[in-house]
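Residue-level structural notes
Residue strings, one per chain:
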Amino acid sequence: MARHIYVGCRTSVERRARGLGVGVWRAATPGCAWEQVQLVEGYGNPTWITLSADGRRLYAVEGDGEWLHAFAVASSGMIEPVVSRPLHGRNPVHAAQSPCGRWLLVANHLSSAVAVLALDDDGWPGELADILQLDGSPGPHRVEQPFAKPHQVIFGLAGRLVLVPDKGLDVLHAFRLETRTGRLEHHPGARLREGAGPRHAALHPVHPVVYVLGELNSTITAVRIDVATGTLTPWQVISSVPEDYPADSRAAAIAASADGRMLYATNRGHDSVVAVELDATTGRMRQRCWVPAGGRTPRFMSLEPEEAVMHVASEDDDRIVAFRRQGAGLVEIASVAETSSPTCIAYSLPLGTR
């Protein structure tokens with residue numbers, strides 16, 4: 001189904017990046033080659049981009065910087081910058097709109113904080129509503145874990161729980177969002193294995209389970225969520241790389257399929273995508289298989305909304321590769337786009353549905 005696709009790319013010399021900004025692409029059908037229709041330059045390291053729930057606004061965080069940029073999305077799919085807001089923190093790496101639509105939450109990776117910005121009725125970000133500093137005992141990695149380093153914000157239990165993987169503390173934080181004021185309230189989280197470096201997480205679509213990807217030790221931890229209390233309990237850990245791969249690797253992206261059958265994660269170093277079967281009754285992780293990612297350093301991976309096709313963005317090979325889901329595995333289709341230092345992909349609503 002035809003749609004527009006938005007790609008954020010790193011731009012800075014410090015990151016040895018070759019990208020130029022946010023690219024807008026058009027795809028006629030899932031898995032086909034993309035056609036670039038716009039490139040918006042002038043924004044440093046738009047490493048994470050996300051669309052509003054109605055598809056009318058695009059939000060981009062300035063990786064290694066301190067700003068959020070908001071763009072209007074026209075019916076043609078083209079984007080136009082409208083407003084920028086300071087995030088009162090360093091290196092924002094992820095942003096998510098609350099299910100109620102009133103708030104945008106941002107993980108400030110290097111200032112150990114989660115920021116909350118108010119969204120007006122048109123989806124434009126306003127001033128800071130809350131900023132929550134994270135602290136605790138750092139993990140054992142001397143370089144990567146000097147302090148709290150939140151890396152993502154996701155909403156669980158129908159939006160009643162905010163989950164934040166913390167790469168620095170080896171913790172999956174939990175909060176409650178007060179939807180009237182935008183304030184975040186602490187809720188008991190879960191401690192993972194020392195040195196795991198939790199980076200991203202994915203919710204099971206049916207069972208109250210969240211799968212947390214450990215960047216530093218290449219693991220996936222299944223964490224149960226008590227529906228009544230929101231209590232988090234880790235209950236299973238598996239490796240994201242094969243047991244006969246002894247070299248260094250860093251896990252990056254994770255996604256669960258909407259049918260609840262499969263979980264996917266990328267490995268930078270092993271340069272692969274691991275496909276994990278999930279038990280239909282419990283959500284327990286079972287058999288795994290690995291496929292080459294189609295490029296070096298697969299930083300980002302996502303399923304298209306119809307979920308027949310997966311795209312993997314390889315940051316160091318400047319390409320995005322499409323895979324077809326086939327049973328419990330993946331089959332590479334083709335490279336669909338060549339773009340420098342890609343780090344994030346966002347999909348529009350199908351053309352003509354907005």
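That block above? That's the structure.
Below is a short write-up of the structure.

Rules and cut-offs
Residue numbering note: each chain is counted from 1, following its sequence as written. Side-chain atom pairs in this predicted model are given and counted only at pLDDT of 80 or more, local residue features only at pLDDT of at least 70, and totals for whole chains, interfaces and linings cover all residues. With hydrogens and water stripped out, all remaining heavy atoms of the structure feed into the side-chain values. Stacked, edge-to-face and tilted labels apply to pairs of Phe, Tyr and Trp rings (six-membered ring for Trp) whose centres lie within 6.5 Å, assigned for plane angles under 30 degrees, over 60, and everything in between, in that order. Where helices and strands are cited, they refer to DSSP runs of H or I of at least four residues and of E of at least two residues respectively, numbered from the N terminus. Only protein chains enter the accessibility calculation, which uses a 1.4 Å probe. A residue is then buried if its area is under 20% of the maximum for its type, exposed if over 50%, and partly exposed in between. The criterion for a charge sitting over a ring is simple: Lys NZ or Arg CZ within 6 Å of the ring centre, and within 35 degrees of the ring normal. We define a salt bridge as a side-chain nitrogen of Lys or Arg found within 4 Å of a carboxyl oxygen belonging to Asp or Glu. We define a nonpolar core as any set of buried Ala, Val, Leu, Ile, Met, Phe, Trp, Tyr and Cys residues linked to one another through side-chain atoms lying within 4.5 Å. We call two residues in contact whenever any of their non-hydrogen atoms come within 4.5 Å of each other.

The next thing to look at is the packing of aromatic side chains. Per the counting criterion, the structure on display carries three aromatic pairs. Between Tyr 43 and Phe 71 the ring centres are 5.3 Å apart and the planes differ by 70°, which places this aromatic pair in the edge-to-face class. Separated by 28 residues along the polypeptide, Tyr 43 in the loop between strand S3 (35–41) and strand S4 (46–51) and Phe 71 in strand S6 (residues 67–73) bring together distant segments of the chain. Its relative accessible area of 1% is what places Phe 71 among the buried residues. Taking the ring centre of Trp 235 as reference, the NZ or CZ of Arg 224 above it sits at 3.8 Å.

Next up on the list: the pattern of salt bridges. Enumeration over the complete set of coordinates arrives at 21 salt bridges. Its salt-bridge partner being Arg 15, residue Asp 64 comes within 2.8 Å of it at the nearest N-O pair. With a gap of 49 residues between them, Asp 64 in the loop between strand S5 (57–62) and S6 and Arg 15 in the loop between strand S1 (3–9) and strand S2 (21–27) connect regions that are remote in the sequence. Arg 325 is paired through a salt bridge with Asp 259; the nearest N and O atoms lie 3.3 Å apart. Taken together, the residues Arg 325 in strand S26 (residues 319–326) and Asp 259 in the loop between strand S20 (250–256) and strand S21 (262–268) connect sequence positions 66 residues apart. You can call Arg 325 buried: its relative accessible area is 17%. Among the charged side chains, a network of salt bridges with common partners joins Glu 144, Lys 149, Lys 167, Arg 199, Glu 215, Arg 250 and Arg 268.

To continue, consider the nonpolar core. Membership of the largest hydrophobic core comes to 45 residues, with the highest contact counts inside it found for Tyr 6, Trp 34 and Ile 345. In terms of residue count, S6 provides more of this core than any other element does, five residues in total. Other than its neighbours up to four places away in sequence, Tyr 6 contacts Gly 23, Val 24, Ile 49, Leu 51, Leu 58, Val 73, Gly 77, Ile 79, Cys 344, Ile 345, Ala 346 and Ser 348. With 20 residues, the next largest nonpolar core counts Val 93, Val 116, Leu 134 and Ala 148 among its residues.

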